[in-house]
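Chains, contacts and geometry: an overview
Chain by chain, the residues run as shown.
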Protein chains: 4
Amino acid sequence: MSDAAQDRDADRRVRESFGRQSIMATIGASVQSVRHGEVEIVLPFVDHILQQHGFIHAGAVATIADSACGYAALSVMPAAAAVLTTEFKINLLSPAKGERLRAVGRVVRAGKKLVITMGEVFADEAGASKQVALITATMMVVDTGTGLRN
Amino acid sequence: MSDAAQDRDADRRVRESFGRQSIMATIGASVQSVRHGEVEIVLPFVDHILQQHGFIHAGAVATIADSACGYAALSVMPAAAAVLTTEFKINLLSPAKGERLRAVGRVVRAGKKLVITMGEVFADEAGASKQVALITATMMVVDTGTGLRN
Amino acid sequence: MSDAAQDRDADRRVRESFGRQSIMATIGASVQSVRHGEVEIVLPFVDHILQQHGFIHAGAVATIADSACGYAALSVMPAAAAVLTTEFKINLLSPAKGERLRAVGRVVRAGKKLVITMGEVFADEAGASKQVALITATMMVVDTGTGLRN
Amino acid sequence: MSDAAQDRDADRRVRESFGRQSIMATIGASVQSVRHGEVEIVLPFVDHILQQHGFIHAGAVATIADSACGYAALSVMPAAAAVLTTEFKINLLSPAKGERLRAVGRVVRAGKKLVITMGEVFADEAGASKQVALITATMMVVDTGTGLRN
């Protein structure tokens, strides 16, 4: 495939897989963009995913941050591969509030067995953007011949 | 207060705060038990919090793991203090499937500014229990005089 | 091999590999004990591994914590396998001071590709022991046929 | 103080503190540059800090990565403040080999109590540079009135 065809293929695989993640519909997240090695996920502020102070719960922030990283990894994989998060660490920099969150995940290093990724989560409000979280995550490459597919 | 009265007070504060976390009702999690320095949260397997392979999404696993750790920290704090997660790291050991997940958070060290916690998440199925995640988390102690309360 | 023979073999492999880590002689660390899935490393307080306040540097604490975890992983591997740290996270709980540090690493889950470990570092002083660090680490299993050996 | 005077002051404070870290002389590390919110530390390849395969030990990589992050935090602090690492996580991307390592630490967010930092470690060889590690670290701000100074 040409690079453009590969990118279209990655875009399609990411969106199909994302569409099968029922948690994303539950929290209201959607895929904003898919580039080779970089995926952006958007989560509008909604009332049913908050913590006790009225901010978006760290778990929801982590959910989109982890997924942005996982799909960034998937975007550089061959079509026959799936990825599973083996670990992530997230630093929460500021309360997650505003009109919406945006998680941007990027591939730092793609190996045969592991893909190392990092990501940032931003809160958008009144035209301004503030970083609210920083994530690093390790994705394990799994052959879809095992029955797992993305 | 006596130790028993303090424990009843901690139990009440944890459950009240948890009740204000709208994300917990959304995903279906509840507080199982509150002890001094240890909190257990239960999440039954439900279809609307899954990832693309049909397992519970790592973000939902992290949500209950982080909250179990945060409330374990709160359980050892004076009534006037709130806690905020500043960072956590989670290792995902096995696919999160089964009848329900149980997250147990524990205080490792309680300082004046920071409380270090760790936790384990188990998947229960057919009477057996398997560890599926390991978390370490740092909670920042916040004076509720700042307007934040738990 | 019998279990006892396997344990002796693991003990021998860990100590041989440790003996090839020149950094351990430089900082003065040694292997205290090797059990199936658990390794203990000792580091006496010495003046040439300190940070600016006179405590043992977090990097030296991490060095023995990471190695205790890595060798705990190696202790459950077949003889033909080597392990490499792919990531670790360490929480520093208290200043690392006293007569000596002891790092205990344990296997949490041993998979075919990855071994998840955790560990604790204690400072011993005047007969008492205080936990000063908490580590979680992921080890990647490498076939020694690749040229790497432990 | 003017910005330029503040930067000279930060440079002086970082280098003085670094000079008191005996572990840095032991492993052979030195401060390459100090900017506002960014510090670079260099570690030439030497034979006495290796692991069993002949690469620089992950603990030594972590030592310079943690210090680059800690001093980046210190570079944005008032003169009366000290910083202590409360936690860091490091992903090891490739074997640490080559002529020398360079760790670059940067401030991501500077709060009153905590400074969140991240850093990268590069291996330089034959004029080329390859990233070998990625770190995120949380620094706790400590008043030097407590007796701690940097």
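Above this note sits the structure.
This section reports on the structure supplied with the text.

About the thresholds
Residues numbered from 1 in each chain as written. Chains lettered and ligands numbered in written order. Predicted model: local features only at pLDDT ≥ 70, side-chain atom pairs only at ≥ 80, totals over all residues. Heavy atoms only, no water. Salt bridge = Lys/Arg side-chain N within 4 Å of Asp/Glu carboxyl O. Helix = DSSP H or I, 4+ residues; strand = E, 2+ residues; numbered from the N terminus. Buried < 20%, exposed > 50% of the residue type's maximum accessible area, 1.4 Å probe, protein only. Pairing = 2+ DSSP bridges. Disulfide = S-S within 2.5 Å. Contact = heavy atoms within 4.5 Å. Buried area = accessible area lost by both parts, 1.4 Å probe. Polar contact = N/O pair within 3.5 Å; in protein donor to acceptor, adjacent residues only side chain to side chain. Nonpolar A, V, L, I, M, F, W, Y, C, P; charged D, E, K, R; others polar.

**Quick notes on the pattern of salt bridges**
Applying the stated criterion across every chain yields a total of 40 salt bridges over all chains. We note a salt bridge from B:R106 to B:E120, for which the minimum N-O separation is 2.8 Å. A residue pair is termed long-range when its members are at least 10 positions apart, and B:R106 in strand β4 (residues 100-110) and B:E120 in strand β5 (residues 114-125) qualify at 14 residues. Looking at B:R106, the relative accessible area reads 27%, which means it is partly exposed. In this structure, D:R100 engages D:D124 in a salt bridge whose closest nitrogen and oxygen atoms are separated by 2.9 Å. Of this pair, D:R100 sits in strand β4 (residues 100-110) while D:D124 sits in strand β5 (residues 114-125), and the two are 24 residues apart along the sequence. What emerges from the salt-bridge pattern is a single network uniting A:D9, A:R12, A:R13 and A:E16.

**A word on the pairing of strand β1 (residues 30-35) of chain D**
All names here are of chain D. Pairing of β1 with strand β2 (residues 38-44) involves five bridges; the strand directions are antiparallel. Pairing of V31 across the sheet is with I41, part of β2. Hairpin geometry of β1 and β2 is characterised by an intervening segment of two residues between the two adjacent antiparallel strands and by a positive phi of about 85° at G37.

**Description of the state of the cysteines**
Inspection of the entire model under this criterion finds zero disulfides over all chains. No disulfide involves A:C69; its sulfur sits 18 Å from the nearest other cysteine sulfur, which is in D:C69. Since its relative accessible area comes to 0%, A:C69 is described here as buried.

**Examining the interface of chain C and chain D**
Each partner contributes to the interface: chain C provides 38 residues, whereas chain D provides 38 residues. Between chain C and chain D, roughly 2,800 Å² of surface is buried when both sides are summed, and carbon and sulfur atoms account for 57% of that area. Here chain C and chain D share zero salt bridges between them. At the surface where chain C touches chain D, the tally comes to 20 residue pairs in polar contact (both at pLDDT 80 or more). For the side of chain C that touches chain D, the secondary-structure elements that each account for two or more residues are α2 (22-27), α3 (58-74) and β3 (81-92) of chain C. Ranked by residue count, the leading element in the side of chain C that touches chain D is β3(C), at eleven residues. A breakdown of the residues in the side of chain C that touches chain D according to their chemical character gives 16 nonpolar, 16 polar and six charged.

**Let's talk about the pairing of β4(B)**
All names here are of chain B. For strand β2 (residues 38-44) and β4, the ladder comprises seven bridges, and the chain directions are antiparallel. Note that in β4 the partner of V39 across the bridge is G105. Bridge analysis of β4 against β5 gives ten bridges, and the strand direction is antiparallel. Looking across to β5, one finds that V107 is bridged to T117.

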